[in-house]
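Coordinate analysis (summary)
What follows is each chain in one-letter form.
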Amino acid sequence: MGITNSIKVFSAIVTLLLAACSGGTEETTSFTGISAVLLSSFQAKQTAGAKKPPLTRKFIDNLPVSVMEIVLESRNITGLISPYASRSDGQNGKINTWRNAANSQIVLDNGVLIATRGAGNDLGSALVTSVVESVKKLKAISGPHVLYVSGFDNQSTAIKLECKMEVLGQIRIEIVGHSHNVIHLQEDCISSIGSVTNDYWVDSVDSTVWQSRQWAGPGVGYLKLRVLKK
Amino acid sequence: MTEFFAADCLKRFALIALCTFASSSSSLAQEQTTFEIVSSTAPTLNFYGLPGIIDMPSGEAMQNAQVALGFSHFAGTTRSSFSFQFSPRITATFRYSGLKDYNGGSGGTSTYWDRSFDFRYLLLKEKAIQPALTVGLQDFAGTGIYSAEYLVMTKNFLQPFGLSGNLKVTAGLGWGRLSSYGSVGSPLGGTRPTWTGLGGEPSADQWFRGPMAPFGGIEWQISDKIGLKAEYSNDAYNAETSANIIDRKSQFNFGAEYEVSKGFRLGAYYLYGSEIGVNAQIQFNPNRPSTPFNLAGPRPVIVRPSRATSPESYGTSWAELEDAPSDIQKVIGAELEDVGIKIEAVSVSPNRVELRVHSNDLTNQAIVVGRVARSMARILPDSVETFDIVLMNNSLAMSKVSVQRNAIETQEFKPNASAALLPFVVIGDADPSGPESAFIPQDQFPRFSWDIGPFLALSFFDPAKPIRADAGIEVSGNFNFAPGWFIGGKVRHKLIGNSDKSPVSGSALPAVRTEGPLYDQAADTYLKNLYISKQWKPSRATYARVTVGYFEQMYGGLSSELLWQPADSPLGLGVEANYVKKRDYDQRLGFQDYDIVTGHASVYYNFNENYLAQVDAGRYLAGDYGATFRLSREFANGWEIGGFFTKTDVSAADFGEGSFDKGFFFKAPLDWFTGTPSKQTIGQNIRIIQRDGGQRVYVPKRLYNQVRSGQQNELLADWGRVWE
């Protein structure tokens with residue numbers, strides 16, 4: 001087949017792909033459905049680069065709900081999340097689920113990351129007992145930190161981190177115009193796939209984790225979290 | 001799409017500001033490169049598309065499940081290879097090679113086309129001191145042009161002599177073609193029998209016989225991007241030299257490679273003292289989705305108050321209410337609609353509720369179980385302790401998954417939460433239908449779908465054209481007018497293509513498949529299929545199907561099937577009987593005179609880690625008797641790669657070129673590429689050569705593939721996502 005014919009074939013296929021349509025009560029199984037999924041995926045990626053308005057204290061104070069800022073470092077994405085669900089951890093603490101408008105979620109056990117949902121290759125669950133103890137008691141308690149990540153052929157894969165918690169001191173941090181007295185806890189971990197450092201800036205009075213940088217596994221990477229409005 | 005997201009934002013948050021911010025985060029969707037090699041020490045490919053140096057193999061295996069595509073060219077020889085790391089130690093390769101001006105060419109062209117298979121086994125894995133050691137069979141069942149065997153070892157040295165990068169050192173011994181230069185004797189046998197026959201049969205009598213010769217080389221991966229290679233080859237290229245398509249002056253080859261992106265590598269080489277060559281290497285792993293599967297987060301589980309603090313909420317009188325099942329269907333159905341899960345039936349008792357559900361979008365049935373269980377925990381009265389979730393597909397109850405409500409409430413945030421839930425789950429057979437008292441929504445039928453779009457039909461390995469293709473427009477419809485009853489049909493109109501140019505090869509058997517080109521020539525507009533089928537469950541572990549109509553391009557008739565496949569068993573047994581007639585070439589409604597009763601008894605076995613084996617024994621379309629053996633590796637995300645062969649009572653001489661029917665196939669789920677839930681797949685069945693022996697009729701909606709996604713083996717493979 002000559003190059004002219006090849007181009008004709010390609011053009012015919014693309015034209016048909018774009019012109020294809022389907023309907024009914026059930027999902028279709030032919031090429032039209034495939035093209036629809038591919039096009040929707042393309043459109044979703046096109047919207048990812050939209051510009052954000054500036055983040056100001058006035059803007060934050062006008063929001064009617066609690067808000068946290070989330071940064072996915074590996075994907076250079078910044079967004080806002082709000083509380084979705086809360087339950088007791090059974091030990092005078094809280095497990096809170098936060099989500100964004102697209103219903104991607106993170107779950108924090110007393111401010112410590114234990115799950116992500118809707119991010120792709122998510123953190124399914126985690127063992128963070130010693131980290132939560134450190135946050136609650138504002139002192140360094142070292143211990144295992146295990147991440148159970150999903151993805152990779154739908155299996156839950158354990159990533160065992162051997163961690164050493166350290167108190168780096170009491171400092172004052174500012175989050176968009178609000179200051180907080182915090183204890184800076186730093187958790188240095190090693191694992192078979194490299195080293196990880198998690199940081200927690202914890203309120204020196206009520207153990208609120210105002211700010212943190214936590215690793216959610218190889219799929220999601222590091223998350224930076226800041227409580228903008230409690 | 002944009003409007004949908006905007007409305008969703010407003011509905012859920014009523015906060016324009018949040019939506020604005022969220023639009024930049026989208027759904028936190030991840031961009032990830034499709035092709036990924038694990039590390040700088042991962043093996044690169046040689047000119048045969050296998051782990052190796054330049055023209056010589058190396059001793060390493062690829063990462064488990066890795067797929068490698070290789071395209072090399074030098075001295076008028078083009079090799080296209082498909083390799084699959086079937087298990088951590090086993091590598092299989094299919095190769096299609098074109099040698100210009102060799103052996104008189106094929107199919108009236110100047111290029112000689114050759115198909116070959118390789119098999120490699122990793123005997124020793126690399127350790128601190130121990131090199132990796134591999135034994136390989138090259139072109140072990142073809143026409144023998146590349147026939148060779150080898151034992152080869154490779155050792156990696158990180159930052160050798162203080163230099164940057166990684167050095168691989170390879171040394172090996174070869175037989176056959178890989179001993180045609182520099183032989184050091186014949187330690188395992190004096191003479192190597194010459195190849196005879198029609199090809200396709202394993203040439204075991206040749207393996208490791210005759211002269212043996214050493215080979216070796218080095219590969220220095222200087223940086224993430226650049227690698228250098230040098231080797232000593234023991235291949236004299238005797239046949240090619242005789243045909244004057246290569247002027248061999250040296251046994252030393254040199255090359256440089258550049259990694260364009262992860263998993264995509266290009267190389268340029270100087271071979272045999274006279275030739276310039278190029279090699280393109282692509283590697284990816286089905287375990288690493290091109291775009292991670294992504295589903296918007298679930299609704300939170302609502303935890304009941306304890307019975308001690310709130311005994312009144314545990315009352316059971318609700319179960320007596322006539323409207324209870326329909327109310328449950330409405331409220332839970334509304335929640336599940338977001339993820340495309342539909343409720344087919346509801347049955348209630350004070351402590352137990354059964355929902356029969358199916359999903360149009362989600363292949364992963366563990367997610368279906370998780371989402372349904374969450375909604376049940378959110379909505380059902382507190383007295384309900386057990387959720388029975390019956391997974392349905394095309395009105396067939398695949399399994400019943402019973403989940404303890406207490407576990408849904410308590411295990412989600414435990415470490416290793418998916419495994420923590422499993423002890424509270426029982427997977428078993430489901431009754432064919434719910435109890436008579438079950439509430440069945442009245443608006444379920446008819447279900448239908450229609451589709452107008454393009455089609456692309458490929459055929460391979462015509463001696464004159466390696467790939468032929470037809471493209472055009474296709475109209476299809478599926479009408480599910482009652483439980484288990486389907487009418488399906490597909491009409492195609494070819495706009496462009498060259499499949500009708502394929503020659504019709506002669507056959508000693510009835511021409512049950514080799515007349516395919518006559519069908520391509522007879523009509524541009526044709527009825528691809530049109531059938532009516534009924535499928536049902538005669539008992540808890542059996543499934544049945546009857547289909548009448550035009551099944552495929554060449555055959556129509558009556559087909560019946562019975563499958564025994566308990567939900568918690570890796571073993572399945574099936575029988576299928578068909579009476580079929582050969583369709584007219586124009587593929588309208590007429591038939592030709594040829595008819596036959598054909599059928600098979602089938603054994604299916606799902607090994608650990610989803611290696612699937614299938615044996616079908618019976619009578620084939622040409623009246624030959626025999627068995628088809630099929631082995632594949634299926635990934636939980638839906639990828640499947642495998643091979644098959646059929647041996648029947650037809651002799652190799654009557655079968656013709658290739659000696660017996662064989663081929664390989666792959667199936668890739670669309671959501672692997674897009675990350676968006678979809679049950680659609682793309683795939684291709686590739687026969688090495690199309691003959692008439694060992695051919696089966698293609699019947700739509702065979703049972704095994706309809707029911708296994710909801711059964712224990714596949715559910716457990718998917719279970720890591722149950723909380724998503």
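As the structure is a prediction and not an experimental result, all values here were calculated from the model.

Considerations on the pairing of strand β15 (residues 386-393) of chain B
Residues and elements named next belong to chain B. The element β15 is largely enclosed, with a buried count of 8 among its 8 residues. Alternating residues of β15 divide into Thr386, Asp388, Val390 and Met392 and Phe387, Ile389, Leu391 and Asn393, and every residue in both groups is buried. Of the strand pairs in this sheet, strand β14 (residues 352-359) and β15 are connected by 6 bridges, and their pairing is parallel. What sits directly across from glutamate 354, in β15, is aspartate 388. After leaving β14, the chain enters helix α5 (residues 365-379) and then returns to the sheet as β15, a path that is right-handed. The sheet contact formed by β15 and strand β16 (residues 396-404) spans 8 bridges and is antiparallel. Directly across from threonine 386, in β16, lies its bridge partner glutamine 404. The antiparallel hairpin formed by β15 and β16 contains 2 residues in its connecting segment, where asparagine 394 sits at a positive phi of about 50°.

Overview of the domain arrangement of chain B
Residue and element names in this part refer to chain B. Domain boundaries assigned for chain B yield domain 1 (2-192 + 201-284), domain 2 (321-444) and domain 3 (447-482 + 484-713). Of note, the centres of domain 1 and domain 3, computed from C-alpha atoms alone, are 32 Å apart. Contacts between the two partners involve 19 residues from domain 1 and, on the opposite side, 22 residues from domain 3. Taken over both partners, the interface formed by domain 1 and domain 3 buries close to 1,800 Å², and the fraction arising from carbon and sulfur atoms is 72%. Counting every contact that joins domain 1 to domain 3 gives 1 salt bridge. For arginine 115, the salt bridge goes to glutamate 657, with nearest N and O atoms at 3.0 Å. Among the elements of the structure, β2 (77-85), β3 (90-100) and β4 (111-124) are those that each provide at least two residues to the side of domain 1 that touches domain 3.

Remarks on the pairing of strand β13 (residues 222-229) of chain A
All names here are of chain A. The pairing of strand β2 (residues 67-72) with β13 spans 6 bridges and is classified as antiparallel. For valine 71, the partnering residue across the bridge sits in β13 and is lysine 224. In this sheet, β13 lies alongside strand β12 (residues 209-215) in antiparallel orientation, the contact comprising 5 bridges. For glutamine 211, the partnering residue across the bridge sits in β13 and is arginine 226. In sequence, β12 turns back onto β13 through a hairpin of 6 residues, with glycine 217 there showing a positive phi of about 105°.

Digging into the environment of B:Gly174
Residues and elements named next belong to chain B. Along the polypeptide, glycine 174 turns up in strand β7 (residues 166-176). Spatially, the C-alpha atom of glycine 174 lies 6.6 Å from that of leucine 151, the residues being 23 residues apart in sequence. Leave out the neighbours within four places in its chain, and glycine 174 touches Glu149, Tyr150, Ser179, Pro211, Met212, Ala213, Phe215 and Asn234.

Looking at the nonpolar core
A:Ile106, A:Leu147, A:Leu161 and A:Leu223 are the most contacted members of the largest nonpolar core, which has 54 residues in total. With 6 residues, the top contributor of residues to this core is strand β9 (residues 157-175) of chain A. With near-sequence residues (within four places) excluded, A:Leu223 lies in contact with A:Ile70, A:Val71, A:Leu72, A:Ile106, A:Leu113, A:Thr116, A:Ser212, A:Arg213, A:Gln214 and A:Ala216. Counting 51 residues, the second largest nonpolar core, distinct from the first, contains B:Val353, B:Leu362, B:Ala366 and B:Ile367.

Structural notes on the side chain of B:Asn529
Residue and element names in this part refer to chain B. Tracing the backbone shows asparagine 529 in strand β21 (residues 525-539). For asparagine 529, a relative accessible area of 12% gives the class buried. Once residues lying within four places of it in the same chain are set aside, the contact partners of asparagine 529 are Gly488, Gly489, Lys490, Tyr550, Phe551 and Glu552.

Topic: the sheet that holds β16(B)
All names here are of chain B. Strand order in the open sheet made by the 5 strands is β13-β14-β15-β16-β17, with mixed pairing throughout. Strand pairing shows two members of the sheet lacking a second neighbour, β13 (341-348) and β17 (425-428), which therefore form its edges. Ignoring strand direction, the axes of neighbouring strands in this sheet form an average angle of 20°. Contacts between helix α4 (residues 324-337) and the sheet are confined to β13 and β14, with β13 contributing the most and set at about 155° to the helix.

Observations regarding the environment of A:Lys164
Residue and element names in this part refer to chain A. Within the secondary structure, lysine 164 is located in strand β9. Given the relative accessible area of 55%, lysine 164 is considered exposed. C-alpha separation for the pair lysine 164 and glutamate 187, spaced 23 residues apart in sequence, amounts to 5.5 Å. Setting aside its immediate chain neighbours within four residues, lysine 164 contacts Ser142, Gln186, Glu187 and Asp188.

Structural notes on the sheet that holds strand β8 (residues 144-149) of chain A
Residue and element names in this part refer to chain A. With antiparallel pairing, 12 strands are arranged side by side in an open sheet as β6-β5-β4-β3-β2-β13-β12-β11-β10-β9-β8-β7. Each edge of the sheet is formed by a strand with only one pairing partner; in this case those strands are β6 (112-117) and β7 (123-127). Each strand axis lies, on average, 30° off the axis of its neighbour in the sheet, ignoring direction. Pairing geometry for strand β11 (residues 194-203) and β12, over 4 bridges, is antiparallel. Looking at β12, one finds that valine 202 is bridged to valine 209.

Reading the values: the criteria
- Residues numbered from 1 in each chain as written.
- Chains lettered and ligands numbered in written order.
- Predicted model: local features only at pLDDT ≥ 70, side-chain atom pairs only at ≥ 80, totals over all residues.
- Heavy atoms only, no water.
- Buried < 20%, exposed > 50% of the residue type's maximum accessible area, 1.4 Å probe, protein only.
- Helix = DSSP H or I, 4+ residues; strand = E, 2+ residues; numbered from the N terminus.
- Pairing = 2+ DSSP bridges.
- Right-handed = clockwise from strand over helix to strand, strands pointing away.
- Domains from an automatic or database assignment.
- Contact = heavy atoms within 4.5 Å.
- Buried area = accessible area lost by both parts, 1.4 Å probe.
- Salt bridge = Lys/Arg side-chain N within 4 Å of Asp/Glu carboxyl O.
- Core = buried A, V, L, I, M, F, W, Y, C linked by side-chain atoms within 4.5 Å.
- Axes fitted to C-alpha atoms, helices over the stretch in contact; angles between N-to-C directions.

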